[in-house]
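Remarks on the overall topology
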Amino acid sequence: MSATLPAAPKTNRIGLAKADYEGAKSTLCLGCGHDVITKQIVTAFFELGIEPRRVAKFSGIGCSSKTPAYFLNRAWGVNAVHGRMPSVATGALLANPELVGIGVSGDGDTASIGVGQFVHLVRRNIPLVYVVENNGVYGLTKGQFSATADVGSTLKGGGANDLVPIDICGLAIELGCGFVARSFSGDMKQLQSILQAAITHRGTSVIDVISPCVTFNDHEGSTKSYKYAKDHEEPLHDIGFVPYFDDTVAEVPPGEVRDVPFPDGSVVRFHSVGRDYDPTDKDQVLATLHRSRTAKEFLTGILYLEPEKPSFARLLNTVEEPLTTLGEERLRPSREALAAILEAYR
Amino acid sequence: MTRVAKSRRFQARGAAGSESAHNHRMIQSLRTLRPGIALLALGLFATGCATTAPETTLPGRNLALIDVQYPESRMSGVAMAAGEETPTARMGKSLIRELGRDGKFQVVDARGAGVRPAELGKDAAKTAALVRSAPADAYLGVRLLDCAARAITETERRGSGPTAVEVTVYLFRGECTAEMTAYDPTGKILKVLQKSGRWDSPRQERPDSGAMQSQALTNAVDNTANRIAREFKPGQAGAPAAAPETK
């Protein structure tokens, strides 16, 4: 009698299995879009071969902000005060520039209570992947409209929204964000490419993901439901991401593909889907976004990309090393050095 | 007793008393900061103090550098003075020096063996030849990700008041990011480590020469190699020391 040994788990380029990137079991509602995003985050870090201990996870308050518990349980993490995640992330990522930061927030945590923090995170270009799990309602408090609910969208129990929504992507682009994308939790292939590119980007990457709330906002009349998003999603392009360590060169038909390189050698590859859209042309991007809002289109893809934009740490010219590893001799300037600094201000 | 009454009591104690009163007021004002300090401490404890230092023990003391690569397409953007070392050549030399500093590791340069990291353990003939010519506990491959020296212009304010002047200063900022992978002789990955280094040329009131740009790049590469080398330490067990080359 012969016993069959289970196959060894597939490992990534640093020898870790996918299980090494997972977290606790989700306690969200069955079918919640947030769980799909969590799975894609796990896959993205696994595929890129980033050591979990190099990652710091941040969140605020809300259903979305629970999700960092469900991925990368070997990473560092802070579940911050409601809407205050950007401050904590700013401090941590400046104190240790070797960390790969990912923040998961919701539409309430970002566009309502946290909007004051969000805008400063973006304008400073803190190197953080900022994922907004956007369902248009406050799920934890039984489904009231959030600040991203579209005009005319209805609640489960009736009642339409009259207030103009905050467009998180439009806001981020106006504030100078170098990586802005919109996706849908039901479009896993696109979301995966966007996440990998966002993790590689060396500045703030804002990803607004429409993630239906199956309990409070997945009905007829909602513009953030699975059905509505599936019926109305219009990808601006097909996205491929080639990380710097991938040496395979794919043949691509000329004229239909545009490559945008990242400083580390990775490449985002845009395949045209018939639209004339240049994600590096800010004026065109903003005009397209304005038109799509009027036409009530649900455009997805990497909306805007500027890979060379300097991060906050580079602008401040801070050290490359984590502050905790600096010795006293580097942290404490000599009496002469201090005198020279003071002299420069006289 | 109220704070005001307590404060007045301190004030009534003459010179020493007034010092105490001053201290007391300072303490009172600091108390209002306590919630902020607590949050800061929590943030630092939870993340700022997070160390990204990996498990950096390699199986032994004997290492062999087999490859340093920088995709050609990216090399074309690197400004170098005539006769200057390429970033790959510099990284190889610098890494061997830094890893071998104070006898921490014994490192041999096995780049001449012509074995790429992807071939380790897969191309049996090449691997066997490498292991024969450069027996080591771990084989190192390095990939440069983004190494360049960029021209920077900054404005400095000098002096104060009406005599203050703003001066434009020029410098070259050398930056380099490299990823080093350590393999065992069968090609199994032991460790992947990514580090960045930097070096700024002295600030000048006029643009410096291309030679200084080259120097900034070289120093940034050296700094990166130093940072990589600092992360690794040798384990107890290991293969016998690399045999000296005989001809």
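Residues numbered from 1 in each chain as written. Chains lettered and ligands numbered in written order. Predicted model: local features only at pLDDT ≥ 70, side-chain atom pairs only at ≥ 80, totals over all residues. Heavy atoms only, no water.

Let's talk about the overall build of chain B
- Within chain B, the secondary structure is distributed over seven helices and seven strands.
- If you list the helices and strands of chain B from N to C, you get α-α-α-β-β-α-α-β-α-β-β-β-α-β.
- Sorting the 247 residues of chain B into buried and exposed places 42% on the buried side.
- Looking at chain B alone, contacts between residues at least 24 apart form 71% of all its contacts between residues at least 6 apart. (Helix = DSSP H or I, 4+ residues; strand = E, 2+ residues; numbered from the N terminus. Buried < 20%, exposed > 50% of the residue type's maximum accessible area, 1.4 Å probe, protein only. Contact = heavy atoms within 4.5 Å.)

Topic: the environment of Asp238 of chain A
Residue and element names in this part refer to chain A.
- With respect to the helices and strands, the residue Asp238 is situated in strand 10 (residues 237–242).
- Sequence-wise, Asp238 and Arg54 are 184 residues apart; in three dimensions their C-alpha atoms are separated by 30 Å.
- Contact partners of Asp238, with chain neighbours within four places excluded, come to Arg269, Phe270, His271 and Val273.

Concerning the nonpolar core
Residue and element names in this part refer to chain A.
- Of all hydrophobic cores here, the largest spans 39 residues; its most connected members are Phe45, Phe179, Ile207, Val268 and Ile302.
- In terms of residue count, helix 1 (residues 33–48) provides more of this core than any other element does, seven residues in total.
- Leave out the neighbours within four places in its chain, and Ile207 touches Val129, Tyr130, Val131, Val132, Ala181, Ile194, Leu195 and Ala198.
- Core analysis: the next-biggest nonpolar cluster, separate from the first, contains 33 residues, Ala56, Leu99, Ile168 and Val206 among them. (Core = buried A, V, L, I, M, F, W, Y, C linked by side-chain atoms within 4.5 Å.)

Digging into the environment of Gln117 of chain A
All names here are of chain A.
- Residue placement: Gln117 occurs in helix 5 (residues 115–124).
- Expressed as a C-alpha distance, the spacing of Gln117 and Thr223, which sit 106 residues apart in the sequence, is 27 Å.
- When residues no more than four places from it in sequence are discounted, the contact partners of Gln117 are Gly83, Arg84, Met85, Pro86 and Ser87.

Structural notes on the interface of chain B and chain A
- Listed by partner, the interface residues are 34 residues for chain B and 33 residues for chain A.
- Buried surface at the junction of chain B and chain A, summed over both partners, amounts to about 2,900 Å²; 43% is from carbon and sulfur atoms.
- Linking chain B with chain A are eight salt bridges, by the criterion used here.
- Measuring nitrogen to oxygen at the nearest pair gives 2.7 Å for the salt bridge that ties Glu98 of chain A to Lys195 of chain B.
- Where chain B meets chain A, there are 13 residue pairs in polar contact (both at pLDDT 80 or more).
- Secondary structure elements with two or more residues in the side of chain B that touches chain A: helix 3 (34–48), strand 4 (138–158), strand 5 (165–183), strand 6 (189–200) and helix 7 (210–231) of chain B.
- Sorting elements by how many residues they give to the side of chain B that touches chain A places strand 6 of chain B first, with eight residues. (Buried area = accessible area lost by both parts, 1.4 Å probe. Salt bridge = Lys/Arg side-chain N within 4 Å of Asp/Glu carboxyl O. Polar contact = N/O pair within 3.5 Å; in protein donor to acceptor, adjacent residues only side chain to side chain.)

Some words on the state of the cysteines
Residue and element names in this part refer to chain B.
- Going through the model one piece at a time under the given rule, you end up with one disulfide over all chains.
- For Cys147, the disulfide goes to Cys176, at an S-S distance of 2.1 Å. Handedness here is read from the sign of the S-S torsion; for Cys147 and Cys176, about 45°, the answer is right-handed. In this pair, Cys147 sits in strand 4 while Cys176 sits in strand 5, placing the two residues 29 residues apart along the sequence. (Disulfide = S-S within 2.5 Å.)

A closer look at the pattern of salt bridges
- Under the criterion given, the structure shown has 38 salt bridges over all chains.
- Here Glu321 of chain A ties to Arg230 of chain B by a salt bridge, and the two come within 3.9 Å at their closest N and O atoms. In this pair, Glu321 of chain A is assigned in the loop between helix 10 (312–316) and helix 11 (328–331) and Arg230 of chain B in helix 7, connecting two distinct chains.
- According to the relative accessible area criterion, Glu321 of chain A is buried, its value standing at 7%.

Considerations on the sheet that holds strand 11 (residues 257–261) of chain A
All names here are of chain A.
- One open sheet holds the three strands; their spatial order is 10-12-11, and the pairing between them is antiparallel. At either end of the open sheet lies a strand with only one pairing partner, and these are strand 10 and strand 11. Adjacent strand axes in the sheet meet at a mean angle of 20°, parallel and antiparallel pairs treated alike.
- By the bridge criterion, six bridges tie strand 10 to strand 12 (residues 267–272) in an arrangement that is antiparallel. Paired with Ile239 across the two strands is Phe270, which belongs to strand 12. (Pairing = 2+ DSSP bridges. Axes fitted to C-alpha atoms, helices over the stretch in contact; angles between N-to-C directions.)

Quick word on helix 7 of chain B
- In this model, helix 7 of chain B (22 residues) spans 32 Å end to end at C-alpha, consistent with the 32 Å of a helix rising 1.5 Å per residue.
- Within helix 7 of chain B, 17 of the 22 residues are buried, which leaves it mostly tucked inside the rest of the structure. (Expected span 1.5 Å × (residues − 1).)

A look at the sheet that holds strand 4 (residues 128–134) of chain A
All names here are of chain A.
- As summarised here, the arrangement of the eight strands in space is 2-1-3-4-8-7-13-9, forming an open sheet in which the pairing is mixed. At either margin of the open sheet sits one strand with a lone partner, and together these are strand 2 (76–79) and strand 9 (233–235). Averaged over all pairs of adjacent strands, the angle between strand axes in this sheet comes to 20°, irrespective of strand direction.
- Two strands pair when backbone bridges link them, and strand 1 (residues 55–59) and strand 3 (residues 100–106) are joined in this way by five bridges, in the parallel orientation. Bridge pairing in strand 3 links Phe58 to Gly103.
- The strands touched by helix 7 (residues 188–200) are strand 3, strand 4, strand 7 (179–184), strand 8 (205–210), strand 9 and strand 13 (298–305); relative to strand 7, the strand with the most contacts, the crossing angle is about 160°.

Describing a nonpolar patch on the surface
- On the surface, Leu338, Ile341, Leu342 and Tyr345 of chain A cluster together into a nonpolar patch covering about 440 Å² of accessible area.
- Mapped onto the elements, Leu342 of chain A comes out in helix 12 (residues 335–344). (Patch = residues over 30% accessible without salt bridge, like charges linked within 9 Å, V, L, I, M, F, W, Y side chains within 5 Å. Areas by Shrake-Rupley, 256 points an atom, 1.4 Å probe, with all protein chains shown as cover.)

Considering the packing of helix 5 (residues 87–99) of chain B against helix 7 of chain B
Residues and elements named next belong to chain B.
- Contact geometry for helix 5 and helix 7: axes closest at 8 Å, N-to-C directions at 40°. By the angle between their directions, the pair helix 5 and helix 7 is classed as oblique. For the pair helix 5 and helix 7, the crossing hand works out as right-handed. Along the contact surface, helix 5 presents Pro87, Arg90, Met91, Ser94, Leu95, Arg97, Glu98 and Leu99, while helix 7 presents Leu217, Thr218, Val221, Asp222, Thr224, Ala225, Asn226, Ile228 and Ala229.
- Within the contact of helix 5 with helix 7, the residues separate by chemical class into nine nonpolar, four polar and four charged. (Parallel < 35°, antiparallel > 145°, perpendicular 65-115°, else oblique. Left-handed = near helix turned anticlockwise from the far one by under 90°. Nonpolar A, V, L, I, M, F, W, Y, C, P; charged D, E, K, R; others polar.)

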